[in-house]
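# Observations on the three-dimensional arrangement
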Amino acid sequence: MEKTAAHILENILINRRELTPTEWAQDIALGLGVFVLGCVYLIWGGGSLIPLDDAFREFTGVQRYVFSYAPFFYMAVMSLVLVVRRITPWLVFVVVLGTYLAGRAAMGGQELLVLAPCIALFTIAEERSRWEVVAASVLTALAVVIMATPGTSLAFDLYTRLMVFMYFALAVFIGISLRSYRRYRKEAEQRLEEAAAIR
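Note that the coordinates shown come from a computational prediction; the quantities given were computed from them, not determined experimentally.

One recurring pattern in soluble globular proteins is that nonpolar side chains are buried together. Counting 36 residues, the largest nonpolar core has Leu82, Phe93, Leu112 and Phe168 as the members making the most contacts within it. Of all elements in the fold, only α2 (21-45), α4 (70-80), α5 (89-106), α6 (115-127), α7 (130-146) and α8 (154-198) reach the threshold of two or more residues within this core. No other element matches α6, which puts eight residues into this core. When near neighbours in sequence (up to four residues on either side) are disregarded, Phe93 contacts Ala120, Leu121, Ile124, Ala136, Leu139 and Thr140.

What follows is the structure in structure tokens.
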């Protein structure tokens, strides 16, 4: 029984396939690219969904973010673990989502670039089974509900959560669509090979 449970857990945590050198290069470039974009976002936007002027801050109750190096650490963790996203998608998803929530809380609810969590969720939608996609989607929805937000305005709070939720929903949709397309293409190739063999 213990061996069976351990085997199931291992199958969930680790993908049973070898990555090609091209796939490794793609994921390394992806991790570095997301980190660079995240740093630019932090510097340009001050950690907000949009650059906020003083009047808008006063209207929404959003506090001005005091610059520090901590958000760059959170961005580095979220981005660089994406390098192994296809090897252990669930572990990467949990680390990235947890770091995203911790980073937002540490920044007083200000927005870190949500691209890394979206890519982690996309990877599960593309690589793993349907029930795992559902489980990851539910966890992500709960994260959106509990995440820290910057303002005291209810409207701005709902807007922030809705925007983040839409990004996650889009990631799931793209991942499922890509997996379905690949399955369809593989089946079509198999039918062509069978037809050629019959001829």
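Quick look at the packing of α6 against α7 now. Close contact between α6 and α7 brings their axes to 8 Å; oriented N to C, the two are set at 160 degrees. Considering the angle they form, α6 stands roughly antiparallel to α7. The two elements α6 and α7 meet at a crossing, and its hand is left-handed. In contact with Leu121, Ile124 and Ala125 of α6, α7 contributes Glu132, Val133, Ala136, Ser137 and Thr140. Residues belonging to the contact of α6 with α7 are distributed by class as follows: five nonpolar, two polar and one charged.

Quick notes on the rules
Residues numbered from 1 in each chain as written. Predicted model: local features only at pLDDT ≥ 70, side-chain atom pairs only at ≥ 80, totals over all residues. Heavy atoms only, no water. Core = buried A, V, L, I, M, F, W, Y, C linked by side-chain atoms within 4.5 Å. Buried < 20%, exposed > 50% of the residue type's maximum accessible area, 1.4 Å probe, protein only. Helix = DSSP H or I, 4+ residues; strand = E, 2+ residues; numbered from the N terminus. Contact = heavy atoms within 4.5 Å. Axes fitted to C-alpha atoms, helices over the stretch in contact; angles between N-to-C directions. Parallel < 35°, antiparallel > 145°, perpendicular 65-115°, else oblique. Left-handed = near helix turned anticlockwise from the far one by under 90°. Nonpolar A, V, L, I, M, F, W, Y, C, P; charged D, E, K, R; others polar.

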